[in-house]
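A closer look at the structure
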Amino acid sequence: MLLLIPGPVQTRPEVRAAMAQDIAPWDSGFQPVYARVRDRIVAVAGGTPGVHATLPIQGAGHFVTEAALRTFVAPGAKVLIPMNGAYATRMARLAREAGRVVVELPLPDTRGATAADILPALDADPAIGTVAMVFNETGSGIVNDAPGIGDALRTRGTRLILDAVSAFGVLPFPMAEHPECDALVFTSGKCLEGMPGMGFAVARIDRADACAGNAGSWSFDLSDVLAHARRSGWGSIRFTPPVQAIAAFDVALDLYEREGGQAARLARYRENAAILYDGVLALGLKPYLAREHQGPVIVTIHQPADPRFDLMTFVEALKRRGVLISNFYNTAAPTMRIGAIGAITPDDMRRAVAAIGQALDDVLKQAA
Ligand SMILES: *Cc1c(COP(=O)(O)O)cnc(C)c1O
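None of the values given here were measured: they were computed from a predicted structure. (Residues numbered from 1 in each chain as written. Predicted model: local features only at pLDDT ≥ 70, side-chain atom pairs only at ≥ 80, totals over all residues. Heavy atoms only, no water.)

Describing the overall build of the protein chain
Condition: Here a strand is any run of E in DSSP of at least two residues, a helix any run of H or I of at least four, and the numbering for each starts at the N terminus. Radius of gyration here is computed from C-alpha atoms only, and the compact-globule reference equals 2.2 Å multiplied by the residue count raised to the power 0.38. The buried label applies to any residue whose accessible area, calculated with a 1.4 Å probe on protein chains only, is under 20% of its type's maximum; exposed applies above 50%, and partly exposed to all values in between. Residue-level accessible areas treat just the shown protein chains as cover; the underlying method is Shrake-Rupley with a 1.4 Å probe. Charged-residue counts in this description rest on Lys and Arg as positive and Asp and Glu as negative, His and the chain ends being excluded. To locate a charge, take atom NZ for lysine, CZ for arginine, CG for aspartate or CD for glutamate.
Tallying secondary structure elements over the protein chain gives 12 helices and 11 strands in all. Over its C-alpha trace the protein chain gives a radius of gyration of 21 Å, about what one expects of a compact globule, namely 21 Å for 368 residues. In the protein chain, which comprises 368 residues, the share counted as buried stands at 59%. Counting only carbon and sulfur atoms, one obtains 55% of the accessible surface of the protein chain, whose full area is about 14200 Å². The positive charge centre, built from 35 side chains, and the negative charge centre, built from 37, are 2 Å apart in the protein chain.

Notes on the UniProt feature "modified residue: N6-(pyridoxal phosphate)lysine" (unreviewed entry) in the protein chain
Note the threshold: UniProt positions are given in the numbering used here, feature names are shortened, and annotations may be inferred rather than shown by experiment. Only heavy atoms enter the contact rule, under which two residues are in contact if any of them lie within 4.5 Å.
Residues annotated by UniProt as "modified residue: N6-(pyridoxal phosphate)lysine" (unreviewed entry) correspond here to Lys190. Considering the arrangement of structural elements, one finds Lys190 in the loop between strand 7 (181–187) and strand 8 (198–204). Of the residues examined, Lys190 reaches a relative accessible area of 13% and is grouped as buried. Among all residues touching Lys190, those that are not within four sequence positions of it are Pro6, Gly7, Val9, Val165, Ser166 and Ile341.

Notes on the site of the ligand
Note the cut-off: We call a residue near a molecule or strand when any one of its heavy atoms sits within 4 Å of it. Each residue gets one of three labels, nonpolar for Ala, Val, Leu, Ile, Met, Phe, Trp, Tyr, Cys and Pro, charged for Asp, Glu, Lys and Arg, and polar for the others, Gly among them.
Within the structure, the ligand sits among Ala60, Gly61, His62, Tyr87, Val134, Asn136, Thr138, Asp163, Val165, Ser166 and Lys190. Taking 380 Å² as the accessible area of the ligand by itself, protein coverage stands at 83%. Classifying every residue of the shell around the ligand by side-chain character gives four nonpolar, five polar and two charged.

Some points on the domain arrangement of the protein chain
Going by this rule: The domain boundaries here were taken from an automatic or database domain assignment. Buried area is a sum: the accessible area each of two parts loses on coming together, probed at 1.4 Å, counted once for each and added. Salt bridges are identified by distance alone: a Lys or Arg side-chain nitrogen within 4 Å of an Asp or Glu carboxyl oxygen. Polar contact is defined as a pair of N or O atoms within 3.5 Å, subject to the rule that within protein one atom must be able to donate a hydrogen and the other to accept it, and that residues adjacent in sequence are counted only when both atoms are side-chain atoms.
As far as domains go, the protein chain holds domain 1 (13–257) and domain 2 (261–367). Taken together, the contact pairs 24 residues of domain 1 with 22 residues of domain 2. Taking both sides of the interface into account, the surface hidden between domain 1 and domain 2 amounts to around 1800 Å²; carbon and sulfur atoms contribute 55%. Sorting the residues of domain 1 by area buried against domain 2 places Val170, Glu193 and Tyr256 first, and these three jointly supply 29% of that buried surface. Remark: the boundary between domain 1 and domain 2 carries two salt bridges. Residue Glu193 is joined to Arg268 by a salt bridge in which the shortest nitrogen-to-oxygen separation is 2.9 Å. At the boundary of domain 1 with domain 2, the tally comes to 12 residue pairs in polar contact (both at pLDDT 80 or more). At the level of elements, helix 4 (86–97) and helix 9 (243–259) are the ones that each hand at least two residues to the side of domain 1 that touches domain 2.

Structural data, given as structure tokens:
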């Protein structure tokens, strides 16, 4: 089965094999693995050792996103969120339920947000101290200009929290060049092609210290994660971690480096996305995004206008042809969402396009 979803992604057998062991988190055989993974993540983030640290939270991406919002935005403080997709909506809910004051900036979900979109909203409300935003919007496939927005925030002293969950490892945002960024967050099961189970923040150490006491939650406190590392060592983790997923992530990082790191992985994903985009056009389908706004991570496609089309039936038909895609969509208009990420080659993608054409025939013929 080809898994074409934006996480958890298709993985390589070497990564899955690393899970086949029992591990004690505090054991001297495992602590160095965990400490090494943290250092490797700071390097992938383009961070500076001693300035930036990897601060993990076990579980899904929402957990580490909540932890970053709670830690770096004080209770009752204002945070601006550019609202142009499903994950922005989620970020807003996490912040609001944590008691932070969310200022929503509505934007279309068919193009990435830029600094020019954000700055007027900041000018209009000087009480906004932080912008929290999604880098790659997994709902539609657009890419928000995080580096450009970061540059603009830096000159005015506004802080940034970046949800890079479906971008980290492929879309560059070098933390050393972005001191305005308190933290970016990502998970083990997306572009780095590991197993699901771990969330990571790459955060500024000075800010994590300065923000101690903000979180209002022990579980979701990145300042406490930092304090724990200082107290118990960088190979030690608060609470029981998914140790097998961490061991697998170390192997996933080996494969990432062997492939050629960020540039090579981005090139492969771009090629996957282009094959998919051109392929569905050739099948007579209509991509949701104009080509110039199409990012490399997922491609969303308008559902065929044919009244016989039904997404669930189509997903099952495609699955019978060996390809699994999301059975839901979260764009403004009804779409199908197909991932271009994971251990997927351009040849896999060409096979997938052929299968999509066949499954469409299956569904429309069957319904006829
Ligand atoms: C996947 C994803 C998340 C986190 O999702 P979880 O299901 O909590 O792991 C957050 N933001 C973006 C942009 C994502 O793609």
